[in-house]
Amino acid sequence: MKYVLVTGGVVSGLGKGVTASSIGLILKACGLRVTSIKIDPYLNTDAGTMSPFEHGEVFVLDDGGEVDLDLGNYERFLDIKLTRDNNITTGKIYQSVLDKERKGDYLGKTVQVVPHITDAIQEWIECVAVIPVDGEDSPADVCVIELGGTIGDIESMPFIEALGQFSYRVGAGNFCLIHVSLVPVLNVVGEQKTKPTQHSVRGLRSLGLTPNILACRSTMGLDDNVKEKLSRFCHVPVDNIISLYDASNIWRVPLILKDQKAHEAILKILDLKGVAREPVFGEWTSRTELCDRLHEPVRVAMVGKYTGLSDSYLSVLKALLHSSVACRRKLFVDWVPASDLEDETAKENPENYRSSWNLLKGVDAVLVPGGFGDRGVEGKILAAKYARENRIPFLGICLGMQISVIEYARSILGLQNANSTEFDPNTQNPCVIFMPEGSKTHMGGTMRLGSRRTYFQVKDSKTAKLYGNRSFVDERHRHRYEVNPDMVQQFEDAGLSFTGKDESGRRMEIVELPNHPYFIGVQFHPEFKSRPGKPSAVFLGLIAAACGQLESLLKKGVAVTHGFSDGTSGEKLHRNGNATNLSNGSVDEVYCNGNGVHV
C-alpha cells in the first residue's frame, strides 16, 4: 500500500479537501485504484451532533456514518463509497484506547499518548486503507490521507507524531507528504510573499515530518523566482512546488495539477512510474469547459435555516450544479432565510420580509432542504404553499418533504393546526411523528441513518420515471421524524400521492402532487449520491422542470443517474482489463453573489 498525506499550513480553509480529492483523481486517471481517509482532530466521535454553523454540513455514508463534509468531496471526485471508519477523529481514537484499557488489554501498563494513542492511530490507518471502496474485492493501490486543521494546532499533535512514526515504518517509496500552504500577495507591496510558507514548513519539519511536495495556494500562479526561493528555504525541489492558483471552476484543480506534472512527482516518490500511465481526462476536461461556457440561467431559491453559511448545504449545492450543467444551464442560487418569509418578520423587519418574498417570486424553482429545530419552519411552509399554488417546480428534502405534507394538510384538508410533533408535541393533527425506534435522550447516531431502500408504488409517477422505471432505489437517510402513516389515506383521498414507501409500506419516502408540473418531496437525502455526469434523479428533474426540459427527459425512460441528461455515458478508463468509471467529480464550494454561481 502506498500512502499520500496532505497537510495544511498558515491558515485554515485553503482547500486541503479539494487538493486531496484532486490528487486522488489524478492518480485514478493514471490507472491506479485510490481510497481516502480524513483525520479530524476534534474530540467528537463523529460529526453527527455538530451544528452546520460550526462545521458545515454533516455528510452521511451508506453505512450510516455521519462524517466530515470532505468525505463527500472524496466520494464525488473518485466515485467511491467510503465507510464511517474512513473518518478518524480524536474521540474515536481515545475511545478505542480507553475501551482496551478497561478490558485489560494493556496488562497493567500506564496508558500514554506515546506509544498507545500513536500506535492506535497507525493501526487504524493501516486497517482502513485496505478496505475496498470502489466495488472491487482487493485493496486499493494508494491511500490519500488528509489531516484536518493547521500545522501547529495543539489538538493535532498526537496525529503528527503518529504520522511521523508511520512514514518511517512504511519506508521510503511508500509515503509522500504534500503540504498545502499559502503564498499571499500584500496589496501594499504587490509581490508574492514566501515567509508564511517558510515558517509553516519549518514547523512541520520540527515535528518530524518533511514535505516532499509543496502545493502553494495563491491568487495567481507562482513566479519562477518565488519557486526558487521556496525551494531554497524549504528544501523541496523546484519541480515539486505546485502552484494552486484561483480558478474559474474548481473542477480545473486536477487539470492544474496535471499541467504542472504533479502526478509525475507523486509517482516518482511512490516508485509507481513503471506501473501508472499518463492521466486521461477526456470527459472531465469537456465538462469543466462546458461549465465555464454556460450562460443561459436557471434560478433556484434555497429556502433554509442555515443560509448564512453555504457549507451547511454543500452537497445540495453540488447536486444542483451537477444537474444544471447536465441541462446546459448556468446555476444561480438565491438564498432565502426561511424565517424572513414569516408574518413576524413583516412586523419586525419589513425590509427583509419584502426582499425575501421578492427573491422567492423571481425564481424558476424552489428547494427546501433538510434541517432541525423549529426556527423558520413556518417560512418553509409558506414557501411550499407558494410553489404549489403558483405551479413553480418544488423539491423538498427530508424536513422539506415533511413541511410540504403539513402545508397540504392545512390548505387542502382544512386542518389549520396540523403540524409535526417535533414542533408541537400536543398538535391535534400530527401529520409528522417521531419514529418509534428513535431516542429522545441521546442525539449522536440515534437517527434513521444510511442507505435504505424505497419501493415505487406508482409506476408512471415522475420519480419512478426519473429513476429509470426501476422497482426500487437505495438512497441515504438522516431523520428522526416521519409522515404519520395513519393519515396517509386521508392525504391520498385529497390528491396527494405517496409514490415511494419502505419495505413495510408504513414509512413514506416520496410524495408527489400529480397535477403539478413538478412538486416532489423525498424523505431521504439524494444529494449525497449525486455526481457530475451522474446527477441525482430528483435534482435533475427539478432543474429540467425549471428549464422546460422535464417532458422530454421523462420520455426517454432511462435512469438519469448514470450519465448526462442527453444520454451520454461516462468515460471508461481501463486498467488490467477492468473498466473504471471516472465520469465523476465535485466542487469545493458554491457561492452566489448575484452574478452567478462561482465554483
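The structure this text deals with has already been given above.
All values derive from a computational prediction rather than experimental measurement.

(A) Just the overall build of the protein, in detail. When you go through the protein residue by residue, the secondary structure sums to 20 helices and 25 strands. Scaling as 2.2 N^0.38, a compact globule of 599 residues should have a C-alpha radius of gyration of about 25 Å, and the protein matches this with 25 Å. Seen through its C-alpha atoms, the protein measures out along the principal axes to roughly 75 × 60 × 55 Å. The proportion of buried residues among the 599 residues of the protein is 59%.

(B) Quick peek at the pattern of salt bridges. Inspection of the entire model under this criterion finds 29 salt bridges. The partner of E283 in a salt bridge is R287, and the shortest N-O contact between them spans 2.6 Å. Placement of the pair is E283 and R287 together in helix α11 (residues 282-293), with a separation of four residues, close to one helical turn. The salt bridge involving R506 is made with D486; its shortest N-O contact spans 3.8 Å. With a gap of 20 residues between them, R506 in the loop between β19 (497-501) and β20 (508-512) and D486 in the loop between β18 (481-483) and α18 (488-493) connect regions that are remote in the sequence. For D486, a relative accessible area of 62% puts it in the exposed group. Among the ionic contacts, a cluster of salt bridges with common partners joins D62, E75, D79, K81, R476, R531 and K534.

(C) Here's a closer look at the packing of helix α7 (residues 195-206) against helix α8 (residues 224-234). Remark: α7 packs on α8, axes separated minimally by 10 Å, with the N-to-C direction vectors making an angle of 25 degrees. For the element pair α7 / α8, the angle class is roughly parallel. The two elements α7 and α8 cross, and the hand of that crossing is right-handed. Side by side, α7 and α8 meet where T197, Q198, V201 and R205 of the first sit next to K229, L230, F233 and C234 of the second.

(D) The arrangement of helix α14 (residues 350-361) in detail. Helix length check: α14 (twelve residues) gives 16 Å between terminal C-alpha atoms against 16 Å at 1.5 Å per residue, within 8%. For α14, the complete set of buried residues consists of S356, W357 and L360. Here the buried residues of α14 occupy an arc of 95 degrees about the axis, which is enough to place them on one side. Residues of α14 that are exposed and point more than 90 degrees away from the buried face comprise E351 and N358. In the core, the buried residues of α14 are packed alongside β10 (297-304), β11 (330-337), β12 (365-368) and α15 (377-389).

(E) Molecular detail of the sheet that holds β18. Reading across the sheet, the three strands line up as β14-β15-β18 and stay open at both edges, with mixed pairing between neighbours. Single-partner strands in this sheet number two, and they are β14 (419-420) and β18. In this fold helix α16 (residues 399-411) packs onto β14, β15 (430-434) and β18, with an angle of close to 150 degrees to the strand it touches most, β15.

(F) Structural view of the pairing of strand β16 (residues 448-456). Across eight bridges, β16 lies against strand β17 (residues 472-479) in antiparallel orientation. Each bridged residue has a counterpart across the sheet, and for Y455 the counterpart in β17 is F472. The pairing of β16 with β19 spans two bridges and is antiparallel. Bridge pairing in β19 places F456 opposite G500.

(G) Representation of the state of the cysteines. By the definition in use, this model includes zero disulfides. Among the cysteines around C176, which has no disulfide bond, C143 carries the closest sulfur, lying 13 Å off. Overall, C176 belongs to the buried group, its relative accessible area being 0%. Counting only cysteine sulfurs, C547 is the nearest neighbor of C327, a cysteine outside any disulfide, at a range of 5.3 Å.

(H) View of the sheet that holds β10. Spatially, nine strands are ordered β11-β10-β12-β13-β21-β20-β19-β16-β17 in an open sheet, and the strand pairing comes out mixed. Here the strands that pair on one side only, and so sit at the sheet edges, are β11 and β17. Within the sheet, the average angular offset between the axes of one strand and its neighbour, ignoring direction, is 25 degrees. Bridge analysis of β10 against β12 gives three bridges, and the strand direction is parallel. Directly across from V300, in β12, lies its bridge partner A365. Packing of helix α12 (residues 314-326) onto the sheet brings it into contact with β10, β11 and β12, and relative to β11 it is tilted by some 150 degrees.

(I) Up close: the packing of α15 against α16. Viewed as axis vectors pointing N to C, α15 and α16 meet at an angle of 70 degrees, and their least axial separation amounts to 9 Å. In this view, α15 runs roughly perpendicular relative to α16, as classed from their interaxial angle. Seen from above, α15 lies across α16 with right-handed handedness. From α15, V377, E378, K380, I381, A384, K385 and R388 reach across to α16, where they touch L399, I403, S404, I406, E407, Y408, R410 and S411. For the contact of α15 with α16, the residue count by class is seven nonpolar, two polar and six charged.

What counts and what doesn't
Residues numbered from 1 in each chain as written. Predicted model: local features only at pLDDT ≥ 70, side-chain atom pairs only at ≥ 80, totals over all residues. Heavy atoms only, no water. Helix = DSSP H or I, 4+ residues; strand = E, 2+ residues; numbered from the N terminus. Rg over C-alpha atoms; globule rule 2.2 N^0.38 Å. Buried < 20%, exposed > 50% of the residue type's maximum accessible area, 1.4 Å probe, protein only. Salt bridge = Lys/Arg side-chain N within 4 Å of Asp/Glu carboxyl O. Axes fitted to C-alpha atoms, helices over the stretch in contact; angles between N-to-C directions. Parallel < 35°, antiparallel > 145°, perpendicular 65-115°, else oblique. Left-handed = near helix turned anticlockwise from the far one by under 90°. Contact = heavy atoms within 4.5 Å. Expected span 1.5 Å × (residues − 1). Arc of directions from axis to C-beta. Pairing = 2+ DSSP bridges. Disulfide = S-S within 2.5 Å. Nonpolar A, V, L, I, M, F, W, Y, C, P; charged D, E, K, R; others polar.

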